[in-house]
Amino acid sequence: MADYEREREIGMLLARRAYAYSLLHVVFGGEPDAETVVQMFGEQASASLPTFGRADRADRVACAARVDRADRGHSCSGSAGLDASDPALVETLRSDYARLFLVPGDAYVHPWESPYVGKESMLFQESTLDVRTFYHEAGFKLQAEKHFPDDHIAAMMDFMGRLSQSAYEAFADGDDAEAARVLGVQRSFAEKHLLTWVDAFAEKVAENDVHACYAAFAADMAAFVRLDCAQVESLAKELAAPQE
C-alpha cells in the first residue's frame, strides 16, 4: 500500500477493533475483578467503544454502589463520578453479572446464541456446532470444548478478537491479501452468528439489568459489531484490490 497516511489509518483501525473485541470478551467473560473493572472503564475502552453514553450509566452504578455501602438513606444527584477501583463498585458489578448471566432467575439472560435462533433454550444445537466449525477452520479450539458452549458471547468475542489481531499482524507485515482473507472470515462469522442475535441479547440485558452497566456494554457491542461488519466489507475489498 503506497499511501502512507491511508496505511496508518488502516493500521489504527485494525488495532482498535482488535482491542474492542478483546475488551468485550473480558466484559462478558465472567464476574469482574478490580483489574477488569478498571479496564472496562479506562480511556482505551472509551476510545474503542465510544457509543451510547456508557459513562452516564457507569456513574449510576458507582452511585448505587455507594448507596449500598452506606445506610441506603442517602440519594445521589448529578454526576456521581466513577472510581473504577472502588471495591463497592466491583462488588456491585460482580453481583450484576452473576444475576444476569450465571444464576437462573427472573433477571437471567441466556448468553449464548442457540436460544435466540433455535427452538429451545438448549446448549449445543446445530448453530453451536457451526460456530465450532468456524473456530476449527481458523485454527482455534475452546479449552473446554464440549463442556462450554462454543456460541457463548464471550467465546465469540474472544474469537473475533484473536482474528482481529491476526488481521492487524498480517497488515503490519505487508501481507494485505492475508489481512483481507481474515477480515472476510470475520465478516462471514458476524453475519451468520453475531448479527442474528446480538440485538435481541442487548434488549434482554437492558430489560433485566437494574444498574444498566452491562446493558450499556451490550448495546455498545451490538452497535459495534454491526458497524464493524460494514467497515470490514469495504476494507477487505480495498486490501484485496491490485496495487497500481
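Just above sits the structure.
Reading the values: the criteria
Residues numbered from 1 in each chain as written. Predicted model: local features only at pLDDT ≥ 70, side-chain atom pairs only at ≥ 80, totals over all residues. Heavy atoms only, no water. Helix = DSSP H or I, 4+ residues; strand = E, 2+ residues; numbered from the N terminus. Contact = heavy atoms within 4.5 Å. Areas by Shrake-Rupley, 256 points an atom, 1.4 Å probe, with all protein chains shown as cover. Expected span 1.5 Å × (residues − 1). Polar contact = N/O pair within 3.5 Å; in protein donor to acceptor, adjacent residues only side chain to side chain. Buried < 20%, exposed > 50% of the residue type's maximum accessible area, 1.4 Å probe, protein only. Axes fitted to C-alpha atoms, helices over the stretch in contact; angles between N-to-C directions. Parallel < 35°, antiparallel > 145°, perpendicular 65-115°, else oblique. Left-handed = near helix turned anticlockwise from the far one by under 90°. Nonpolar A, V, L, I, M, F, W, Y, C, P; charged D, E, K, R; others polar. Phe/Tyr/Trp six-rings, centres within 6.5 Å; stacked < 30°, edge-to-face > 60°. Core = buried A, V, L, I, M, F, W, Y, C linked by side-chain atoms within 4.5 Å. Salt bridge = Lys/Arg side-chain N within 4 Å of Asp/Glu carboxyl O.

For the chain, the count of helices and strands is 11 helices and zero strands. Going from N to C terminus, the chain has its helices and strands arranged as α-α-α-α-α-α-α-α-α-α-α. Across the chain, every contact between residues at least 6 apart in sequence was considered, and the portion connecting residues at least 24 apart equals 68%. In the structure as shown, the chain presents an accessible area of about 12,300 Å², 50% of it carried by carbon and sulfur atoms.

Given 3.6 residues per turn, any residue in an α-helix points the same way as the ones three and four places further on. Under the 1.5 Å per step criterion, the end-to-end length of helix α1 (residues 4–27) is 35 Å for 24 residues, consistent within 8% with the ideal 34 Å. Contacts from the buried residues of α1 go to α2 (34–40), α3 (43–48), α5 (87–102), α8 (153–172), α9 (176–193) and α11 (213–240). Of the residues flanking the start of α1, the one acting as N-cap is Asp3, its side-chain oxygen 3.1 Å from the backbone nitrogen of Glu5.

Here the focus is unusual backbone geometry. Phi at Ala212 takes a positive value of approximately 65°, unusual for a residue other than glycine. Considering the arrangement of structural elements, one finds Ala212 in the loop between α10 (198–208) and α11. For Ala212, a relative accessible area of 15% puts it in the buried group.

Let us now look at the packing of α10 against α11. With their axes 8 Å apart at the nearest point, α10 and α11 run at an angle of 165° to one another. Our classification of the angle between α10 and α11 gives roughly antiparallel. At the point where α10 passes α11, the crossing takes the left-handed sense. Contacts from Val198, Asp199, Phe201, Ala202, Val205 and Ala206 of α10 reach α11 at Tyr214, Ala215, Ala218, Ala219, Met221, Ala222 and Arg226. Of the residues in the contact of α10 with α11, the class split is 11 nonpolar, no polar and two charged.

With the rule as written, the count across this model stands at 16 aromatic pairs. Ring geometry for Tyr135 and Phe159: centres 4.7 Å apart, planes at 50°, overall tilted. Of this pair, Tyr135 sits in helix α7 (residues 126–137) while Phe159 sits in helix α8, and the two are 24 residues apart along the sequence. Here Tyr135 falls in the buried class, since its relative accessible area comes to 3%. Phe159 gets classed as buried once you look at its relative accessible area, which sits at 3%. Taking 6.2 Å as the distance between ring centres and 40° as the angle between the ring planes, the aromatic pair formed by Tyr135 and Phe189 counts as tilted. Here Tyr135 is found in helix α7, whereas its partner Phe189 is found in helix α9, with 54 residues between them in sequence. Neither Tyr135 nor Phe189 differs from the other in exposure class; each is buried.

This part is about the nonpolar core. Ranked by size, the top nonpolar core spans 64 residues in total, and within it Phe28, Leu194, Phe201 and Tyr214 carry the most contacts. Put simply, the parts of the chain that give this core at least two residues each are α1, α2, α5, α7, α8, α9, α10 and α11. Per element, the largest residue contribution to this core is 14 residues, and it comes from α11. For Phe201, the contacting residues outside a window of four places in its chain are Phe28, Phe101, Val109, His110, Pro111, Tyr116, Ile153, Ala218 and Met221.

What follows is about the pattern of salt bridges. This model, assessed by the stated rule, comprises 13 salt bridges. Residue Asp96 pairs with Arg99 through a salt bridge whose shortest N-O separation is 2.5 Å. One end of the pair, Asp96, and the other, Arg99, are both in helix α5, three residues apart, so they sit about a helical turn from each other. What you see here is one network of salt bridges that share partners, running through Arg187, Glu191, Glu233 and Lys237.

Moving on to the environment of Arg162. Tracing the backbone shows Arg162 in helix α8. By relative accessible area, Arg162 is classed as partly exposed at 44%. Sequence separation of Arg162 and Tyr21 is 141 residues, and the distance between their C-alpha atoms is 8.3 Å.

We classify Asp96 as buried; its relative accessible area is 1%. Setting aside anything within four residues of it in sequence, one finds Asp96 in contact with Asp209, Val210, His211 and Tyr214.

Considering the arrangement of structural elements, one finds Arg17 in helix α1. Apart from the residues within four sequence positions on either side, Arg17 is in contact with Ser164, Leu183, Gln186, Phe224, Asp228 and Val232.

Read these as layout, nothing more, since geometry by itself doesn't imply function.
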